Amino acid sequence: MSPSATTQTRQIRNFIDGNPVDGVRTFNKLNPIDGSLIGEVHEAGPNEVSLAVSAARAALEGPWGRMSVAERARIMRRIADTIDRRADELVAAEVGDTGKPEALARDLDVARAAANFRSFADTVSSAGLDSFLTELPDGRSALNYAIRKPLGVVAIIVPWNLPLLLLTWKLAPALASGNTVVIKPSEETPSSATLLAEILAEAGVPRGVVNVVHGFGEDSAGAFLTAHPGIDGVTFTGESSTGSAIMRAVAPRVRPVSFELGGKNAAVVFADANLDAAIAGLARSTYLNTGQVCLCTERIYVERAIFNDVAAGLAEHADRLRLGRPEDPATTTGPLISQAHRAKVLSYFELAQSEGATILAGGGIPTLGDGLDGGSWIQPTLWAGLDNSHRTVREEVFGPVAALIPFDTEEEAIALANDTDYGLAAVTWTSDLARGHRVAQRMRVGMSWVNAWYLRDLRSPFGGVGLSGIGREGGRHSFDFYTEPTNVCVQL
Ligand SMILES: NC(=O)c1ccc[n+]([C@@H]2O[C@H](COP(=O)([O-])OP(=O)(O)OC[C@H]3O[C@@H](n4cnc5c(N)ncnc54)[C@H](O)[C@@H]3O)[C@@H](O)[C@H]2O)c1
Ligand SMILES: O=C/C=C/C=C(\O)C(=O)O
C-alpha cells in the first residue's frame, strides 16, 4: 500500500513571519531527471499573500527598519557564511528541482549566492551620499545632501533557471538597503528559496523581514502579490511577456519595477578570432545550463571565410556533451526544467525544419536508458540555413540551440546582431581588440563581452534594453531601485 501523500511525500510550505504556513492547495513538483515526484508544494492564496505582506510591513516598522548599515552588513556576511556551511543542502535542493549537474549547482548557483551577499555587504558599507555645497547668487551658500531610505516592502519574483543565484541577486541588495521582502519563487523551483528562508533566520534576519509564498503567476500567488496594495515595488526576472503583465498589475498604484527579462542574444565571430577559443566559448555560451540562461547565445554570426570551420567545431562540441545524472562527474548537461518547457523547445525544433534549417547537431530527444527516459531531456542542437527573417532566429527558445548565420562585413555583422527587439547580451570574438571595443560598444545591449562570455564583476551594471528589461542590477546600480533618495537642502 503506497503511503498516503501527506504522510510520506515531502511538503514544501510557504514561509511567513518566521513560520512554515500551509497553502490553500498543493501542487506536485516533479524531478526533471526522470519525472518522479519530489514533493507537494503549498500554493499561497490571497490570504497567505496578505499575511506575508503584513508581516513584511510590520518588520519594516520594527527593529529591522532602524538597524544600522554596519549591523545589516554584518548579518549579510553571516548569511554568506551560513550558505557556505550549508552548501551541500542548497546544492541538493537546486539539483533536485532542476536536474542540473551537481558541479554546476555548486560552482555557479550556490557559490554566487554567497558571493552576492558578500558583494552587497561591501557595496552598502562603502556607499557614500550625494552632497553639494551650493554657492548662491547673493553670495550665501547652501548644503545639499541626499540620504537613501529603503523602498519599503518589495515583491521579489524569480524564474526557474538559476533559482538561488537570481533570488539572492535581488535579495542581497534589498536587505542591504533595509527593505523587507515577499519572495515568489518559480513554481518549478520552490526548494532552494524555502531552504534559504531557514538559513536567513539562522543567520539572524528577524522574523517577517523575508517571507516566501509559493504558487504560479496569473490567478495565483504571483498576481496576488503584484496587485497587493501593500507592495512598494516589484523586482522581477522572467519572460518579457510576464514583465508586461506585471507592469499592468502595478500601474494603478504607479509602483516602481525592476525587470530582467528575455533575450535573443547574438555572438559575432570574425575570421581573425582565435578559432579554438571562439568555438569553446560559443559552446559554453550556447549550451551552459542546457541553454537555460538568459544570456545564452541563440544567434551566431560568423565571417564567411571561417563559417565551415566554426560549424564543424561547434557541432562536434554539441555532440560531445554528456547528458546524464547530476551526481555523475562526467555529466556536462542536464534536462530542461519540465516536460512543458521541452514541448516548447521541441516546437521550435519543428518550426526550424519547416523554415528550412539544416541540422548540424542534435535536433530531437535522446534515448538515455538508465531510468532517465521519463525526464525532460533534449539533444544539444545546432542549426544552419536560417536567417533573420525566420521566427526561430527572432524568438527566444531558451534551450540548448543556436542558429549559425554567415556575414561578410563588420557593418553587416553589427546590423544583423542588432536586428532584434531584445537587447540583453552580445559576444564579439576577434583578435583585433580595437575592433573588439568598437563592435562591442555598437551592440544595442546591456552587456557586451569581447573574447569571453558570462565573465562577471558584481559591481558592474547588469540588465537589458528593449524587451530585455528595465533598470540595472549590480553594485551601486541596484540601489537605484531598492532605495528612495531624499535630498535635504540647508541654507547656510
Ligand atoms: N534577464 C535576466 O536576467 C533573466 C534571467 C533568467 C531568466 N530570464 C528569462 O526568464 C524566462 C524563463 O523563466 P520563466 O519561464 O520562469 O519565466 P516566467 O516569466 O514564466 O516566470 C517567472 C516568474 O514569474 C512568475 N509569474 C508568471 N506570470 C506572472 C504574473 N502574471 N504575475 C506575477 N508573477 C508571474 C512565475 O510564477 C515565476 O515565478 C526566459 O524568458 C528568460 O530569458 C531572464
Ligand atoms: O539567466 C540569466 C542569468 C542572469 C545572471 C545574473 O543576473 C548574474 O550573473 O548576476
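Here the structure is a predicted model, which is why all the values come from computation and not from measurement.

On to helix α10 (residues 240-250), then. Buried within α10 we find Ser 240, Gly 243, Ala 245, Ile 246 and Val 250. Residues of α10 that are buried in the fold lie against β8 (153-157), α9 (221-226), β11 (233-237) and β12 (257-260).

Moving on, we come to a nonpolar patch on the surface. A surface patch of nonpolar side chains, about 350 Å² in accessible area, is lined by Leu 133, Leu 143, Val 490 and Leu 492. Structurally, Leu 143 is set in strand β7 (residues 141-150). Owing to a relative accessible area of 30%, Leu 143 belongs among the partly exposed residues under this scheme.

Looking now at the UniProt feature "active site" (unreviewed entry) in the protein. Following the UniProt record, the feature "active site" (unreviewed entry) maps to Glu 260 here. Counting through the fold element by element, Glu 260 comes out in strand β12. By relative accessible area, Glu 260 is classed as buried at 5%. Here Glu 260 is in contact with Lys 170, Phe 236, Thr 237, Gly 238, Leu 424, Phe 462, Gly 463, Gly 464, Ser 468, Gly 471, Arg 472 and Glu 473, once residues within four sequence places are set aside.

The pLDDT averaged across the protein works out to 97; a share of 99% of its residues lies at or above 70. Counted against residues more than four places away or in other chains, residues 1-6, with its pLDDT under 50, gives six contacts. Among the prediction metrics, the complex's ipTM stands at 0.96, with pTM recorded as 0.97.

Side chains Thr 381 and Trp 383 project from strand β16 (residues 381-384) onto one buried face, and the interleaved Leu 382 and Ala 384 project onto a second face that is buried too. Looking at chain direction, strand β15 (residues 358-361) and β16 are connected through three bridges and run antiparallel. Opposite Thr 358, over in β16, you have Ala 384 as the bridge partner.

Right, let's talk about the sheet that holds β16 for a bit. The mixed open sheet is built from seven strands, whose spatial order is β15-β16-β17-β14-β13-β18-β19. Of all strands in the sheet, those bounded by a partner on one side alone are β15 and β19 (447-450). Across this sheet, the average inter-strand angle for adjacent strands is 25 degrees, counted without regard to direction. Strand contacts of helix α15 (residues 410-418): β13 (265-269), β14 (297-303) and β17 (401-407), with the helix running at about 150 degrees to β17, the strand carrying the most contacts.

Rules behind the numbers
- Residues numbered from 1 in each chain as written.
- Chains lettered and ligands numbered in written order.
- Predicted model: local features only at pLDDT ≥ 70, side-chain atom pairs only at ≥ 80, totals over all residues.
- Heavy atoms only, no water.
- Buried < 20%, exposed > 50% of the residue type's maximum accessible area, 1.4 Å probe, protein only.
- Helix = DSSP H or I, 4+ residues; strand = E, 2+ residues; numbered from the N terminus.
- Contact = heavy atoms within 4.5 Å.
- Patch = residues over 30% accessible without salt bridge, like charges linked within 9 Å, V, L, I, M, F, W, Y side chains within 5 Å.
- Areas by Shrake-Rupley, 256 points an atom, 1.4 Å probe, with all protein chains shown as cover.
- Salt bridge = Lys/Arg side-chain N within 4 Å of Asp/Glu carboxyl O.
- UniProt positions renumbered as here; feature names shortened; annotations may be inferred.
- pLDDT = per-residue confidence, 0-100.
- Pairing = 2+ DSSP bridges.
- Axes fitted to C-alpha atoms, helices over the stretch in contact; angles between N-to-C directions.

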